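# Fold and geometry: a report
The primary structure of each chain is shown beneath.
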Amino acid sequence: MGAVSEPLIQWFELNRRLLPFRQEPSAYHIWVSEIMLQQTRVSAALPYYERFVAELPDPAALAACDPDKLRKLWQGLGYYSRVANMQKAAQIVCRQYGGQLPADYAALRALPGIGDYTAGAIASIAFGIPAPAVDGNVLRVFARLDNSSADITKPAAKREFTARVLEEMPKERPGPYNEALMELGALVCLPNGAPKCEVCPLAAQCKGRAAGRAEQLPVKTAKPEKTLVPVTAALITGPQGVLLQRRPSKGLLAGLWQPFAFEGTAMTQPELDAALRTIGLCVQWQAPLQSTRHVFTHRIWQISGFCGTAAGPAPEGCVWASRAELNGEYAVPSAFAGIMRQWRPE
Ligand code: SF4
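We now turn to the structure provided with this report.

Reading the values: the criteria
Residues numbered from 1 in each chain as written. Predicted model: local features only at pLDDT ≥ 70, side-chain atom pairs only at ≥ 80, totals over all residues. Heavy atoms only, no water. Helix = DSSP H or I, 4+ residues; strand = E, 2+ residues; numbered from the N terminus. Buried < 20%, exposed > 50% of the residue type's maximum accessible area, 1.4 Å probe, protein only. Contact = heavy atoms within 4.5 Å. Areas by Shrake-Rupley, 256 points an atom, 1.4 Å probe, with all protein chains shown as cover. Lys, Arg positive; Asp, Glu negative; His and termini not counted. Charge placed at Lys NZ, Arg CZ, Asp CG, Glu CD. Near = heavy atom within 4 Å. Nonpolar A, V, L, I, M, F, W, Y, C, P; charged D, E, K, R; others polar. Polar contact = N/O pair within 3.5 Å; in protein donor to acceptor, adjacent residues only side chain to side chain. 1 Å grid on protein atoms, 1.4 Å probe; cavity = no way out; pocket = protein on both sides within 12 Å on 5 of 7 lines; lining within 4 Å. Points joined across faces, edges and corners; volume = space filled by probe spheres on them.

### Quick look at the overall build of the protein chain
Along its length, the protein chain carries 16 helices and 8 strands. Viewed in the frame of its principal axes, the protein chain has a C-alpha envelope of about 70 × 50 × 35 Å. Burial analysis of the protein chain (346 residues in total) assigns 49% to the buried set. Of all intrachain contacts in the protein chain linking residues separated by at least 6 positions in sequence, the fraction that spans at least 24 positions is 67%. As displayed, the protein chain offers around 16600 Å² of accessible surface, 53% of which is attributable to carbon and sulfur atoms. For the protein chain, the distance from the average position of its 36 positive side-chain charges to the average position of its 30 negative side-chain charges is 4 Å.

Shown next, in the form of structure tokens:
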């Protein structure tokens, strides 16, 4: 093994966290965990992971799962298009590969929702294929190790660091090497603040540390400012529960359920009332809702609105949901969690 990989893998073997997907590292388990961990901290993702693989233990179960149930299992994790893509990929895996993820980097990479990083992680950890798995943690470790000022948001820098990852990779142990790099980035070579160089197995050869620049690295172009989007919500309750509206089947939060809402506009109560009357909803208004905010990747929703009561059949595309149905059946995005919490027991 090499000067980087040997101390790194030794450190990993002694210090790695015992995580459920490491105990049974099947390709399916690694896939599910990597998709979840792209968006969520390990501690927050673990209960979701356990529930997901208990309900859907293999690609065949994922492929056949009712989409509403799937969204409910994912509720709270956000980025719902990721789980929709996982289901499409699982269906291809069942049709083309007999229900098992293929032991081939290019074939994995061709599946919906599987990018370079996830394909590399599955290929190397589950199948021992010497493929790189370069995420933000790995970019940071190599930028510091090499004292490189390359901007890691640029594709050229990513290519450069991917080549470095491959150069240092022991071809007989690609999985432990990739996992060790990710783990070092998560536990020692930390983002946002001082890395723990005093316990780092690579400290002796780290050029960023020697130059006193580790904390300033990696170089990253700042992300563009997020757009603030007003949203008006109507939390309408009645004898049959709370009124939920199904979101369109394409686009942001596709197919999920929400309180009645209008995006892109901050409406007054009379304006909201008029809009709802056009679809036959006659609401007894009670009080303004406490406004909430939800931050997406590119935008921020500023949600305000009103609560009220109504009766009668639900308009088209809507349902009345009891509290039990809301908890067990209907997936409501976290963006509306603060609004739904304002549904008080009658
Ligand atoms: Fe990161 Fe410090 Fe280790 Fe260098 S020595 S790789 S900066 S933790």
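### Here we look at unusual backbone geometry
Residue Pro218 follows Leu217 across a cis peptide bond; omega there is 0°. Topologically, Pro218 is positioned in the loop between α13 (207-210) and β1 (227-238). Of note in this structure, Tyr79 is not a glycine but carries a positive phi near 50°. Here Tyr79 shows up in the loop between α6 (67-74) and α7 (80-96). For Tyr79, a relative accessible area of 39% translates into the label partly exposed. The backbone of Asn147 sits at a positive phi, close to 50°, despite the residue not being glycine.

### Quick notes on the site of the ligand
Residues in contact with the ligand, as listed here, are Arg144, Val188, Cys189, Pro195, Cys197, Cys200, Ala203, Cys206, Arg209 and Ala214. Among the residues forming the shell around the ligand, the class breakdown is 8 nonpolar, no polar and 2 charged.

### Section: the side chain of Arg144
Counting through the fold element by element, Arg144 comes out in helix α10 (residues 136-145). A distance of 2.9 Å separates a polar side-chain atom of Arg144 from the backbone oxygen of Ala214. Here Arg144 is in contact with Cys189, Leu190, Gly193, Pro195, Cys206, Lys207, Gly208, Arg209, Ala214 and Leu217, once residues within four sequence places are set aside.

### Structural notes on empty space enclosed by the protein
The tally for this structure, following the rule as stated, stands at 1 cavity of 30 Å³ or more. At 3 residues, α10 tops the list of elements feeding residues into the lining of the largest cavity.

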